[in-house]
Structures are given as structure tokens and as C-alpha cells.
Amino acid sequence: MIRSAMIAAAGLVPLLVSPEASADQLGYRDTPLLPGQSWRVHDRDRPRPLAVTPGATPADAPADAIILFSGRDLSQWHSLAAWTAKRGVMHLPAEKEGRASGNLISRQAFGDVQLHLEYRTSPKIVGKGAANAQLRANSGILFMGRYELQILDSYESTTYADGQAAAIYGQHPPLVNASRRPGQWQTLDILFERPRFSPDGSLARPAYITAFHNGLLVHLRRPLLGATRHKAVAAYTVHADALPIELQDHVDHEVGVDFRNIWVRRLESIEP
């Protein structure tokens, strides 16, 4: 249900489609043209979507997914010494555990993607109140290395609205705070549409994010103001159509963050 709702909401479909209709396929060639499209109603010749075997559960990777972390190793990432993979879990250590070495960067580059990720914040609470909220388990997903969806322990914790868990950092708070208790596994299902730039480098279309946090809709095709900044307004600069995904090392967090079951699907917009 999550995958279907996300794809429908953003108008995205898998990259591949099946071959042209064969002679025995049902359809019509004498129906009206659909507004803004080159296809007719029930068009016999319209390409059929490729059949993709879904995962056994919404969390399991479908057949066309790229597995970024399955629990075995960090081979899909530019591995940094302090990030570890043990017993099916990838761990971002806290500063006190031995400083993490920076963001973890995917070896592959991506543009439009559907991403599934599960994370767990430490059950240890090192401080309470707004002053300590950003020092609790803190990370983030940086699409194209610059557009951040926040990962933070926001259970019964107050911080600035556009910096809490599942916020588009510094731009848009989530629709609801769906955070689970520290120590419990949480899910993020995200549809990211990359920005488009004109030949002269100007912005032709912003980036968009649709996201579900623990199964609850928190962003519905929310337009991004630009690349993530701290204490400043986001802005776009022209960049490549495909860039790595990064998991943030927030260097001053007091407790670690665990990750598991990370996969992505490449997507593309269908032109009328």
C-alpha cells in the first residue's frame, strides 16, 4: 500500500515498460485522445507497465530494487572506519564511542528514487528539554548529497519544527510527529524527485519529496526551496542529474544511530 500510494501521488512509474501491445491485447484505436497526452482512452497501443514482483511485506525489497544495505557489509558505500556493520545492523557511533568519520556515501549515483530505510535511535536519553534535542540520536538522509530529510530522536522531545524527525531540514516540518520510542525500529519510505535545470543553469522545476514515517504520511509532494542549509535559507545551484545518497554523520550527537534494510528503486517521470 505504501509503495502504490507514493508512486501514484508523485506521478512516477518504473523506468521500464513492456513491449508494444500485441494483436491479441484488448484496447481501442478510435476513442478520444486524453487531454495533454498522446494516448487515447483505453489505447490499444499504449505500453504496458513492466511486471515487478513486490516484496513479501511493504518493508521487503521488490525485485527491481537496488539493495544498499542488507545486513551483511558496507560494500555499497564508500566505507568509513567508524561506521560498522554487525549482526545485520549498520551503526553510526556517537562521539563518545569514537568519532564517526563523516557521512557515509553511496557508491552509485541516483536521481529520482523511491527509498526505504529503517533506523533505530539509542534508548539512552542523555538530556531533556529543547536545549538538548539536537544532541540526541541525530542523522539524516541527504539525497544527491544535499537535500536532507532529518533523522532524529523526536519522541517526547521538542526542537524547532523544521529540524525534528522526518522534517525536510530547515524548510518543512512533517505533517505529524510519528516518532516511536527510542530503541524501537522505525521506517522511512520516501519518494524523491530531483530538481530540473534549464540549459542556462536556472531552475526549471524544484525537487519534491513525498514521505511516510512509520506508515504515516508526513510530506505529500512537498517542493524543496533548495539544498539544505543550517540557519540560512536553502538555495539551488546547478548540479548533475545523478549523485550519491549520503547518510549524515552529525558530529556532535551524544548517542548513536542504527540502520538496516536500505533499498532504492530508480524512477523516471512519464512524459504525456
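Everything below is about the structure printed above this text.
Keep in mind it's a predicted model, so treat the numbers as computed, not measured. (Residues numbered from 1 in each chain as written. Predicted model: local features only at pLDDT ≥ 70, side-chain atom pairs only at ≥ 80, totals over all residues. Heavy atoms only, no water.)

### Looking at the environment of Ala-165
Residue placement: Ala-165 occurs in the loop between β9 (147–152) and β10 (185–193). In this structure the C-alpha to C-alpha distance between Ala-165 and Ser-139, which are 26 residues apart in sequence, comes to 9.4 Å. Ala-165 has contacts with Tyr-119, Gln-150, Leu-152, Ser-154, Pro-174, Ser-179 and His-213, leaving out every residue within four places of it along the chain. (Helix = DSSP H or I, 4+ residues; strand = E, 2+ residues; numbered from the N terminus. Contact = heavy atoms within 4.5 Å.)

### Structural notes on the packing of aromatic side chains
One pass over the full model with this rule turns up six aromatic pairs. Between the aromatic rings of Tyr-147 and Tyr-236, the centroid separation amounts to 6.0 Å while the plane-to-plane angle is 45°, which identifies the pairing as tilted. Linking Tyr-147 in strand β9 with Tyr-236 in the loop between β14 (216–223) and β15 (243–247), this pair joins segments that are 89 residues apart in sequence. In terms of burial, Tyr-147 and Tyr-236 fall into one category: buried. Ring geometry for Phe-197 against Tyr-236: centres 6.4 Å apart, planes inclined by 75°, an arrangement best described as edge-to-face. In this pair, Phe-197 is assigned in strand β11 (residues 196–197) and Tyr-236 in the loop between β14 and β15, connecting sequence segments 39 residues apart. Under the relative-accessibility criterion, Tyr-236 is labelled buried at 19%. Here Arg-221 stacks its cationic end above the ring of Tyr-208, 4.0 Å away from the centre of that ring. (Phe/Tyr/Trp six-rings, centres within 6.5 Å; stacked < 30°, edge-to-face > 60°. Buried < 20%, exposed > 50% of the residue type's maximum accessible area, 1.4 Å probe, protein only. Lys NZ or Arg CZ within 6 Å of the ring centre and 35° of its normal.)

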